[in-house]
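Close look at the chain arrangement
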Amino acid sequence: MDHHYDGEENDYMQQEDDWDRDLLLDPAWEKQQRKTFTAWCNSHLRKAGTQIENIEEDFRDGLKLMLLLEVISGERLAKPERGKMRVHKISNVNKALNFIASKGVKLVSIGAEEIVDGNAKMTLGMIWTIILRFAIQDISVEETSAKEGLLLWCQRKTAPYKNVNIQNFHISWKDGLGFCALIHRHRPELIDYGKLRKDDPMTNLNTAFDVAEKYLDIPKMLDAEDIVSTLRPDEKAIMTYVSCYYHAFSGKQKAETAANRICKVLAVNQENEQLMEDYEKLASDLLEWIRRTIPWLENRVPESTMQAMQQKLEDFRDYRRQHKPPKVQEKCQLEINFNTLQTKLRLSNRPAFMPSEGKMVSDISNAWGALEGAEKGYEEWLLNEIRRLERLDHLAEKFRQKAAIHEAWTEGKEAMLTQKDYETASLSEIKALLKKHEAFESDLAAHQDRVEQIAAIAQELNELEYYDSPSVNARCQKICDQWDALGALTQKRSEALQRTEKLLETIDQLYLEFAKRAAPFNNWMEGAMEDLQDTFIVHTIEEIQGLSTAHEQFKATLPEADKERQAILGIHNEIAKIVQTYHVNMAGTNPYTTINPTEINAKWDKVRQLVPQRDQALIEEHARQQNNERLRRQFANQANVIGPWIQTKMEEIGRISIEMHGTLEDQLTHLRQYEKSIVNYKPKIDQLEGDHQQIQEALIFDNKHTNYTMEHIRVGWEQLLTTIARTINEIENQILTRDAKGISQEQLNEFRASFNHFDRKRTGLMDGEDFRTCLISMGYNMGEAEFARIMSIVDPNRLGVVTFQAFIDFMSRETADTDTADQVMASFKVLAGDKNYILAEELRRELPPDQAEYCISRMAPYTGPDAVPGALDYMSFSTALYGESDL
């Protein structure tokens, strides 16, 4: 009967004795093998909650044999037969033997029938084959494996012990010091090795066996008496027992390695979680501020007074100078933090960070766009409203002045027109009344323009939605109604006087001439006084110069007017002379007019008094317009320098980020110098803001000396600050990627050269077609599906463009040495002693305290069939570390 053990790597062990000779097994060796193999099988079967008592009897039905193989391999075998007949038992044993053969083991002359028949030799041979395959074959130490590897491991571990010399797996272990040395080497606190004596093998062996069973969970597989009393202990029993030492101690080293790997992974995860929390809070705060601000900017409800609108303008200036700039900074910092986090996630082989719903970078950009859209027309609306209110105030004052003058003129006119004095008057009195009435009609016609002006001003105030329009309309209606009544009364009195005129013939020509010349002159003086007191509003030097020219032309007419005044007074003097000469009983009054020389002189003096006042008002307005022109030029001189300077800096920064001059550190240094120079330029922007405030306070609404507005300068300045910060962040991320991926400066330069070559639009971005051309030029042969997969990697946000950072990530990602979820899961399995779950005390024993508690707080309870109280599910936890779950 020739049986031996072969496998795919069956050269790992050359058996010293053929199995034929093992059939002639020494009874002492058979006893040792039976005890050792039984204990070894039970050490695994207890994991399934069972054990064997008699090795050749308990494996006969094949059920516990199949269970043993499932436990030690971690795999499921075919479903066993549950019948009690011999054929069922043979079928089960064959399933077990077939499984052993499937693991690369060639079984010769071991048949299921012998096992079912309880052949002790065959059963021990089969168990030895299983021990070799699953406990010894995979041992590897310094290029040696299996038996030689296990022997070399024993020699290396016991080398420091001079009274131990391991050369084989039989007599080298008889004194027991080899077992004690292995335990002391790994767990020195368990054995006081100095007290052991080579001439006391029983004590040594029992010490080792007891300690191994109590502290190392290695069952007693040997009896000290059997080893001491046997000339040459059984080699297979010794190898089986020693292999348990190997697996017990080598597992500890694996646990340390696994713990270190887990610590590393958890540290990365904890840092990334903190960055995610920071991003979420900053994004929430910024979006809340935008949500609160937009309704304020969209409010276009006008105020009714100039003071209230001026306060709105002041509030808007505070918003643009104090409230918005820090938020611009926060938005930029948010984008920088997001990019840095995504870079770290890519470098640690984690999935990209997906912010909460509504907090994506694109959501923030959209909200910011809505804010700036609301802001865009707000200042223009404010200025238009101020201009409208200024116009309204001017028109309202003009209306009040003209209405007051007209109401003063109409005072008593109705009573005068309704009196019946002509009924008892003499002929001369009637003629005087008639002429007086003609003069009144002339005066009435002269006032028609003023009434039309009053109505036109009231109409314009209504169209401009003047807040006090009801009172204006009521006053205007009263004036118009009174004017119509005056017209009707005038017509009625005229007809009455004309009827009486035929009865009256005498008329004083001089009085009539005086009345005819005094009335228009009086109207002229009233018009002149009205014009000299009229308010004006201008916005340019040219407009005030036009008013000054008109005023000078008016002053040039005063000598002629004075001549007319002298002539009118001369007529009055002539009348007095005639009355005095001819003693005419006229009672010193002019029957044709109420105007007298005293009134003419008083009004003339008033006109002469108003002229220099008008001169002074025009001079002051001219000075104000000159100051406004100075403010315009002062602002334009600075804006025409600052605007091109900002544009130049933007272009220079763009060239630095695209051109390859020096290392990334050189480019970063250059950019930081630019950033410093830009920050140092801020006082000029502040000075320009001050000039702009003076212009707005002076109510200057245009500036022909420059095309730059303050809003242009603000937007350009904010864009410049954002661009330099983003460019510096891109270079820093390139350095981070270069260092993490081990990319040389030459490789980075080659990447940049390739990127620039295919960046045909020179925007610092490649579109999809440019990127496809670049890949083809580097030898990529791909279809649409493959290209779409690559684009999903380099453009996860589907913007249709590839940044240089994403390009170098793609070019270098194959070389990354990162952990995976499977590796972390395998590490946890080592810590768990090969169980499908792990206990809190095992985590606290193997991991640092903070990271052990981190795992315990996040691991879900394990619910598998082999669960025990307190069992934790490390598999789903490992998957979540690399997945999209929220830990």
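Bear in mind that the values here come from a model prediction, so they are computed numbers and not experimental data. (Residues numbered from 1 in each chain as written. Predicted model: local features only at pLDDT ≥ 70, side-chain atom pairs only at ≥ 80, totals over all residues. Heavy atoms only, no water.)

1. Some words on the overall build of the chain
Rules: Starting at the N terminus, helices and strands are each numbered in turn, a helix being any DSSP run of H or I of at least four residues and a strand any DSSP run of E of at least two. Here's how the labels work: a residue is buried when its accessible area is under 20% of the maximum for its type, exposed when over 50%, partly exposed in between, all with a 1.4 Å probe on protein chains only. Here a residue-residue contact requires only that any non-hydrogen atoms of the pair lie within 4.5 Å. Areas reported here follow the Shrake-Rupley algorithm with a probe of radius 1.4 Å; residue values treat only the protein chains shown as occluding.
Tallying secondary structure elements over the chain gives 34 helices and six strands in all. Counting the 887 residues in the chain, one finds 46% classified as buried. A separation of at least 24 residues holds for 75% of the contacts in the chain among residues at least 6 apart in sequence. Total accessible area computed for the chain in this model is approximately 45,200 Å², and 50% of it derives from carbon and sulfur atoms.

2. A few points about the environment of glutamine 342
Within the secondary structure, glutamine 342 is located in helix α13 (residues 306-347). Sequence separation of glutamine 342 and methionine 276 is 66 residues, and the distance between their C-alpha atoms is 9.9 Å.

3. What to know about the pattern of salt bridges
The following threshold applies: When a carboxyl oxygen of Asp or Glu lies within 4 Å of a side-chain nitrogen of Lys or Arg, that pair is called a salt bridge.
Scanning all chains against the criterion turns up 46 salt bridges. For glutamate 70, the salt bridge identified is with arginine 76, shortest N-O distance 3.6 Å. Taking relative accessible area as the criterion, glutamate 70 reaches 17% and is therefore assigned buried. For arginine 789, the salt bridge goes to glutamate 786, with nearest N and O atoms at 2.7 Å. Highlighted residues: arginine 789 and glutamate 786, both in helix α29 (residues 784-794), separated by three residues, approximately one helical turn. Judged by relative accessible area, which is 37%, arginine 789 ranks as partly exposed. Given a relative accessible area of 32%, glutamate 786 falls into the partly exposed group. Each of Glu30, Arg34, Glu56 and Lys121 takes part in salt bridges that share partners, so that together they form one network.

4. Notes on the nonpolar core
Put simply, the rule reads: Definition used in this section: a nonpolar core is a set of buried Ala, Val, Leu, Ile, Met, Phe, Trp, Tyr and Cys residues joined via side-chain atoms within 4.5 Å.
Ranked by size, the top nonpolar core spans 79 residues in total, and within it Ile130, Phe179, Ile183 and Tyr245 carry the most contacts. Here the element with the most residues in this core is helix α7 (residues 120-136); it accounts for eleven residues. In contact with tyrosine 245, other than residues within four places in its own chain, are Trp153, Phe179, Leu182, Ile183, Ala208, Ala212 and Ile218. Core analysis: the next-biggest nonpolar cluster, separate from the first, contains 48 residues, Ile646, Ile724, Ile728 and Ile808 among them.

5. Thoughts on the packing of aromatic side chains
Operational definition: Paired rings are identified among Phe, Tyr and Trp, the last through its six-membered ring, by centres lying within 6.5 Å, and are further divided according to the angle between planes into stacked (under 30 degrees), edge-to-face (over 60) and tilted (the rest). As a reminder, the over-ring test applies to NZ of lysine and CZ of arginine, requiring each to be within 6 Å of the ring centre and within 35 degrees of the ring normal.
Here the structure, examined in full by the defined rule, presents 22 aromatic pairs. With 6.4 Å between their ring centres and 5 degrees between their planes, phenylalanine 169 and tryptophan 173 make a pair best called stacked. A single burial state applies to phenylalanine 169 and to tryptophan 173, both of which are buried. One aromatic cluster is present, formed by Phe169, Trp173, Phe179, Phe209, Tyr241, Tyr245 and Phe249 through successive ring pairs. Sitting above the plane of the phenylalanine 134 ring, arginine 133 keeps its charged end 5.2 Å from the centroid. Here arginine 772 stacks its cationic end above the ring of phenylalanine 787, 4.2 Å away from the centre of that ring.

6. As for helix α26 (residues 710-741)
Worth spelling out the cut-off: By this rule, a helix spans an expected 1.5 Å times one less than how many residues it contains.
Relative to the 46 Å expected for 32 residues at 1.5 Å per residue, α26 spans 46 Å between its end C-alpha atoms, a close match to the ideal helical length. Glycine 742 sits one or two positions beyond α26 and adopts a positive phi of about 70 degrees.

7. Comments concerning the packing of helix α2 (residues 27-45) against α7
Where we set the bar: Between the N-to-C directions of two axes lies an angle of 0 to 180 degrees, each axis being a line fitted to C-alpha atoms and, for a helix, fitted only over the stretch in contact. Throughout this description, any angle smaller than 35 degrees is read as roughly parallel, any larger than 145 degrees as roughly antiparallel, any in the 65 to 115 degree range as roughly perpendicular, and the remainder as oblique. Each crossing gets its handedness from the near helix: less than a right angle anticlockwise from the far helix is left-handed, clockwise is right-handed. Residue type decides the class: Asp, Glu, Lys and Arg count as charged, Ala, Val, Leu, Ile, Met, Phe, Trp, Tyr, Cys and Pro as nonpolar, and the leftover types, Gly among them, as polar.
Orientation of α2 relative to α7, taken along the N-to-C sense of each, is 50 degrees, at an axis distance of 11 Å. In terms of axis orientation, α2 runs oblique to α7. Crossing of α2 against α7: the hand is left-handed. Contacts from Glu30, Gln33, Arg34, Phe37, Trp40 and Cys41 of α2 reach α7 at Ala120, Lys121, Leu124, Ile127, Trp128, Ile130, Ile131 and Ala135. Here the residues of the contact of α2 with α7 sort into ten nonpolar, one polar and three charged.

8. Brief notes about unusual backbone geometry
Phi at aspartate 217 is positive, roughly 60 degrees, even though this residue is not glycine. Mapping aspartate 217 onto the fold places it in the loop between α10 (201-215) and α11 (224-229).

9. Examining the packing of helix α4 (residues 63-73) against helix α5 (residues 86-102)
In the contact formed by α4 and α5, the axes pass within 8 Å of each other and the chain directions differ by 25 degrees. Relative to α5, the element α4 lies roughly parallel. Note that α4 runs across α5; the crossing there is left-handed. Residues Leu63, Leu65, Met66, Leu69 and Ser73 of α4 form the contact with α5, whose own contacting residues are Asn92, Val93, Lys95, Ala96, Phe99 and Ile100. The residue makeup of the contact of α4 with α5, split by class, is eight nonpolar, two polar and one charged.

10. Notes on helix α8 (residues 146-158)
With 13 residues, α8 ought to run about 18 Å at 1.5 Å a step, and its terminal C-alpha atoms sit 18 Å apart, in line with that. When α8 is considered as a whole, its buried residues turn out to be Ala146, Lys147, Gly149, Leu150, Leu151, Leu152, Trp153, Cys154 and Thr158.

11. A closer look at the confidence of the model for the chain
So the rule is basically this: pLDDT: the predictor's confidence for each residue, scored from 0 to 100.
The pLDDT averaged across the chain works out to 81; a share of 89% of its residues lies at or above 70. Confidence scores differ between elements of the chain, with strand β1 (residues 5-7) showing the lowest mean pLDDT of 37 and helix α9 (residues 177-186) the highest of 94. In the model, residues 1-24 has pLDDT below 50 throughout and makes 58 contacts with residues more than four positions away in sequence or in other chains. Every residue in residues 503-507 scores below 50 in pLDDT, and together they form 16 contacts with partners more than four places removed in sequence or on other chains.

12. Here's the deal with the side chain of glutamine 32
Counted only if it meets this: Any N or O atom pair separated by 3.5 Å or less is treated as a polar contact, with the protein-specific requirement of one donor-capable and one acceptor-capable atom, and with residues adjacent in sequence counted only for side-chain atom pairs.
When you line up the elements, glutamine 32 lands in helix α2. For glutamine 32, a relative accessible area of 3% gives the class buried. Separated by 3.4 Å, the side chain of glutamine 32 and the backbone oxygen of aspartate 226 make a polar contact. A distance of 3.0 Å separates the side chain of glutamine 32 from the side chain of threonine 230, its partner in a polar contact.

13. Focus on the environment of alanine 867
Position of alanine 867 among the secondary structure elements: in the loop between α33 (849-858) and α34 (874-882). Note: C-alpha distance between alanine 867 and lysine 835 (32 residues apart in sequence) is 9.7 Å.

14. Concerning the side chain of glutamate 30
Tracing the backbone shows glutamate 30 in helix α2. What makes glutamate 30 buried here is its relative accessible area of 15%. Only 2.8 Å separates the side chain of glutamate 30 from the side chain of arginine 34, close enough to count as a polar contact.

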